[in-house]
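Examination of the molecular architecture
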Amino acid sequence: MHPAVSTIRTTCPYCGVGCGVLASPDGTGGLNIMGDPAHPANRGRLCVKGSALGETLDRQGRLLAPRIHGREASWDDALDLVAARFAETIAEHGPDSVAFYVSGQLLTEDYYAANKLMKGFIGSANIDTNSRLCMASSVAGHRRAFGTDTVPGLYEDLEQADLVVLTGSNLAWCHPVLFQRLVAAKEARPEMRVVVIDPRRTATCDLADLHLAIAPGADAVLFNLLLAAIAERGAVNQYFISNVNGFDATIHAAREADPAATGLSAEDLERFLDLWTGTEKVVTVYSQGINQSESGSDKVNAILNCHLATGRIGRPGMGPFSVTGQPNAMGGREVGGLANMLACHLDIENATHRSAVQDFWAAPRMAERPGLKAVDMFRAVEDGRIKALWIMCTNPAVSMPEADRVARAIAGCDFVVVSDMVAETDTTRLAHVLLPATGWAEKDGTVTNSERRISRQRRSMAPAGQARDDWRIIADVATRMGWGEHFAWTNPAQIYAEHAALSGVAGRLGSDFDISSHAGITRDAYDRLEPFLWPQSPRKSGGRFFGDGRFHHPDGKARMIPVTPRAPQSVSAEHPYRLNTGRVRDHWHTMTRTGISARLSRHLAEPYLEIHPRDAEALGLSVASLARVSSPEGTAILRVLVTDRVAPGHPFAPIHWTGQTAPSGRVDVLVPGVTDPVSGQPASKSAPVAIAPFRAAWYGYAISAGPIIPASAYWARAAIEGGWQAELAGEADPECWMDHARALFGLRDEPLTVHDRAKGQIRLAFMREGRLQAALFIAREPVGLSRSHLGSLLGGENAGDALAGRPGGDRPDHGALVCACFNVGVNLIRSTIGAQRLTTVDEVGAALRAGTNCGSCRPEIKALLASAARA
Ligand SMILES: Nc1nc2c(c(=O)[nH]1)N[C@H]1C(S)=C(S)[C@@H](COP(=O)(O)OP(=O)(O)OC[C@H]3O[C@@H](n4cnc5c(=O)[nH]c(N)nc54)[C@H](O)[C@@H]3O)O[C@H]1N2
Ligand SMILES: Nc1nc2c(c(=O)[nH]1)N[C@H]1C(S)=C(S)[C@@H](COP(=O)(O)OP(=O)(O)OC[C@H]3O[C@@H](n4cnc5c(=O)[nH]c(N)nc54)[C@H](O)[C@@H]3O)O[C@H]1N2
Ligand code: SF4
Ligand SMILES: [Mo]
């Protein structure tokens, strides 16, 4: 297929792989989406979330106009109010009485504007970002080791390596296109080895030659053991370490490591040490299983130490590789969006750096010390030190640890502004002023992916309603605060050019981030900008860092950091389980966008708890029942998924559900605000919790063509084709099921009802003009009906089918969705594997098309093949 003439080349707004996207108008107001074959990150591939972008553009639910105290207002009134309240607060209580909490999903231009306003004009560094929850430990680790926050390598290093180690990374689900590149590389060179280190057996493990189910939190022990082995087995690169400080002390600390603490067998451990020490071309990829820990920075440095000792860094096929989560996590770090950073990778605690930036900005009042990091920032909101707060492009009432406490803190703040593209989120609910931001297809600017590649996001649709770009909103407020001439941009190209010019100043001060070749960029050239790797300066353009042994510390050397491993917060008799949290394949964070797509909601439509069979038995938790999970911070109710993918004592729950989709499924209400003392990053992967059965008096399942408004103790709502579904449960029966159902669906009609008193089952169906409008199924046990079949009855004429609740003979139940691209369910794959005696993923693809597009589901198909082979 050839892209249409009107096709826009842009970039996916989800993960840090940063895939190029071709968007072309579909003629009905939407967009057709394809992978951009010319983009170096993905060469035409997209994962299922990227492919489904066209399904998430619906304007329903968008915030279309500013609101003040819930009432629609003009832009002028809203901006005047924001500027006045911030100015008054600063005048009365000083610059540190206000704060911005921003996001790695802002574009670089937006981010630059926010950082400039706070650090140079308001004169405080109280700007922090959700990257604190995400990349802060990597940033701290990089800065300690290299002197700057530099990702040394490139994606192609994963393809060129002979050994790829993935630790704390579920790459198959979280960076699917990069994972597919790795899969292809391993297929082409089967001698390549892949090791996955994760307490959980994830989809990523299907590619692994070796899966190390490490004891939670023990990565620093493992990498210390590796460093000691590197020293003992003569794998140290003597030439390279003449450029590295701290070698002896670091080796000394590493030799203390106790293999037993890893929880790994001596054999597995030995195999890992052999592979790593014996392979020159090794890449160690790491992500949130490393970063989100109370000793995340030390874990990062334990990994970097091994690459520094061996000199395996910054050369083809070698290096540590921190994969970034958000589309512009890197851009945010470049502009200095973290409270302890300055623009262009400069250091806020360095007076020379501060005055250089101040001069460049002609800034009246530079921040002189680091500001509050996310967890501390919300504590300062709670105790009234922060009196005015502006949240942009993030949903902290859901995603912060101690989420209930954070929500209460925001609710109690004197003045809260939220910029979002969506009207109803758990955070927008708490705002005094709501500012409508343009969404992905409407925005124009740049993002930087995990390998330092800067790509354009280009506008392909008109803004929804009165939505405005984030940079413009920030500049409008800055102007009203009296700094108009410094924020007088009329388009993002001007901001980009300013940032590039500032990076030249930074480069001369020794910063790695220098794109000063673009300082004079014209709007035209900006619009035509091809994806490129930074730096781009007269001194260096693109490529890798550190292969030459030159680093950014004042003496030009790297530092190895001695690491004494610390165990995660210990569990107790009251909270004996350690809860791990993370992501699912088809949803993005708090689901404000992916939740709109029925296709993306079919893979996993409900919050759940993966728990080991032994724990489930001990707790009396049966399959598909509900569990009440509690910590000192809060309580959640989650669907029980019994599986030996997780280890006993270490259950897992995904992070995506919210007050809009499943209020009792918000896992961050359980996570304590425990942070890494170096990076301030919360330990989101190890909350001590207690688990008990949720004693449901009834379970329910509902479908409706219209909205569903549940009120029961447990509910989880998801989009389905042509409407909505909800899983429900309650602790006591309502007085009248008919009234309950009417309230649930907002309908007044008389439903058709089947009541099986012996079984305790009740079924109610609402018909409108002969077609099924809504139905509710109640049982004393978890409702064991085919969801996909019932969903397919909506709008149909056969109420009897619905009330019978079983698939018609002509419509077999395809089961839970595996391949979201071609709509292939688990039952169909299982039966086809059996009937056609299929043995490979490609054969399944040939038979059903499953797995042949984005490839995200190939690990699951492989698992189904394996279980069929075992049966
Ligand atoms: N589908 C999807 N993709 C996404 C996102 C999304 O929301 N949905 N979000 C994006 C963002 S912002 C981010 S930051 C990335 C995150 O990408 P990842 O970090 O890959 O994802 P997570 O699921 O958070 O966690 C990764 C793994 O760490 C493991 N882990 C937990 N504790 C430990 C430990 O002590 N040691 C080790 N070695 N592993 C441990 C978990 O079991 C989990 O499998 O994903 C990005 N991509
Ligand atoms: N327990 C636990 N907690 C975690 C994690 C974990 O692994 N475990 N992971 C953490 C990590 S790594 C991350 S990155 C965070 C993510 O957490 P959040 O950042 O809170 O999650 P999102 O849903 O991505 O929130 C983005 C918000 O911005 C809005 N938005 C989208 N585009 C735009 C735009 O262009 N402009 C504006 N103004 N708004 C926009 C969306 O509608 C949405 O409300 O969660 C963190 N929390
Ligand atoms: S891997 Fe998927 S989510 Fe990530 S950038 Fe590419 S298409 Fe988007
Ligand atoms: Mo993230």
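Residues numbered from 1 in each chain as written. Chains lettered and ligands numbered in written order. Predicted model: local features only at pLDDT ≥ 70, side-chain atom pairs only at ≥ 80, totals over all residues. Heavy atoms only, no water.

An unreviewed UniProt entry annotates the chain as Molybdopterin-dependent oxidoreductase of Paracoccus litorisediminis. The UniProt entry for the chain carries the following text under Sequence similarities (unreviewed entry): "Belongs to the prokaryotic molybdopterin-containing oxidoreductase family. NasA/NapA/NarB subfamily." (UniProt positions renumbered as here; feature names shortened; annotations may be inferred.)

1. Considering the domain arrangement of the chain
Accessible area lost on assembly of the parts is the figure often given for the size of an interface. As far as domains go, the chain holds domain 1 (8-56), domain 2 (67-132 + 331-533), domain 3 (136-322), domain 4 (577-693), domain 5 (698-804) and domain 6 (817-870). Computed over C-alpha atoms only, the centres of domain 1 and domain 4 are separated by 30 Å. The partner domain 4 presents 10 residues to the nine residues of domain 1 that form the contact. Both faces combined, the contact of domain 1 with domain 4 buries some 920 Å², and carbon together with sulfur accounts for 62% of it. Broken down residue by residue, the surface that domain 1 buries against domain 4 is led by Tyr14, Lys49 and Glu55, which jointly contribute 54%. At the boundary of domain 1 with domain 4, the tally comes to one salt bridge. Among the ionic pairs, glutamate 55 bridges to arginine 599, the shortest N-O distance being 2.7 Å. Joining domain 1 to domain 4, the criterion identifies three residue pairs in polar contact (both at pLDDT 80 or more). (Domains from an automatic or database assignment. Contact = heavy atoms within 4.5 Å. Buried area = accessible area lost by both parts, 1.4 Å probe. Salt bridge = Lys/Arg side-chain N within 4 Å of Asp/Glu carboxyl O. Polar contact = N/O pair within 3.5 Å; in protein donor to acceptor, adjacent residues only side chain to side chain.)

2. Examining the site of ligand 1
Surveying the vicinity of ligand 1 reveals 33 residues, the closest of which are Asp198, Asp219, Ser287, Arg583 and His587. Taking lysine 49, its side chain carries an N or O atom lying 3.2 Å from a nitrogen atom of ligand 1. The backbone of isoleucine 197 places a nitrogen or oxygen atom 3.0 Å from a nitrogen atom of ligand 1. Contact with the protein chains covers 99% of the free accessible surface of ligand 1, which is 910 Å². At the level of elements, α6 (171-174), α12 (288-291) and β21 (577-582) are the ones that each hand at least two residues to the shell around ligand 1. Within the shell around ligand 1, the residues separate by chemical class into nine nonpolar, 17 polar and seven charged. (Near = heavy atom within 4 Å. Areas by Shrake-Rupley, 256 points an atom, 1.4 Å probe, with all protein chains shown as cover. Helix = DSSP H or I, 4+ residues; strand = E, 2+ residues; numbered from the N terminus. Nonpolar A, V, L, I, M, F, W, Y, C, P; charged D, E, K, R; others polar.)

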